[in-house]
Amino acid sequence: QAQLVESGGGLVQAGGSLRLSCAASGSIFGIGSMAWYRQAPGKQREMVAGITSGGITNYADSVKGRFTISRDNAKNTVDLQMKSLKPEDTGVYSCNAEFRRPSGSWYNYWGQGTQVTVSS
């Protein structure tokens, strides 16, 4: 089956920027929507941004105007550009994608996550 690998997390000061990348590899027969989620300590995982295979995007209200999600269908990648970061953006960011099986059915897959820490 397919796999997702994230990169680009790290420590940044408030007001700074980071770019996360997620690459899909393995047996890929089609990718549907892709998204970035985050989980802050002691909180439930929440969707930060999503993008359909056609490029339609949606964002959590808390990140609108600061984060931009993009994808490269030829490279099977999805990126998250984060600007004007705030301490409350701290968390483990995970990539999620819908993959199509040869049979035509779909399954969800998660990456392992990457830590983003924003210091005040």
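Definitions and limits used
Residues numbered from 1 in each chain as written. Predicted model: local features only at pLDDT ≥ 70, side-chain atom pairs only at ≥ 80, totals over all residues. Heavy atoms only, no water. Helix = DSSP H or I, 4+ residues; strand = E, 2+ residues; numbered from the N terminus. Buried < 20%, exposed > 50% of the residue type's maximum accessible area, 1.4 Å probe, protein only. Core = buried A, V, L, I, M, F, W, Y, C linked by side-chain atoms within 4.5 Å. Contact = heavy atoms within 4.5 Å.

A. Examining unusual backbone geometry more closely. One non-glycine residue, Asn76, lies in the positive phi region at around 55°. Along the chain, Asn76 turns up in the loop between β7 (67–72) and β8 (77–82). Notably, Ser84 is not glycine yet its phi reads approximately 50°, a positive angle. Checked against the element boundaries, Ser84 lands in the loop between β8 and β9 (91–100). The exposure class of Ser84 is partly exposed, given its relative accessible area of 42%.

B. Representation of the nonpolar core. By size, the foremost hydrophobic cluster in this structure holds 28 residues, and its most contacted members are Trp36, Phe67, Val78, Leu80, Met82, Tyr93 and Phe99. The set of elements that each furnish at least two residues to this core consists of β1 (2–7), β3 (18–26), β4 (31–39), β5 (46–51), β7, β8, β9 and β11 (114–119). Other than its neighbours up to four places away in sequence, Phe99 contacts Ala2, Leu4, Ala24, Ile28, Gly30, Ile31, Ser105, Trp106, Tyr107 and Tyr109.

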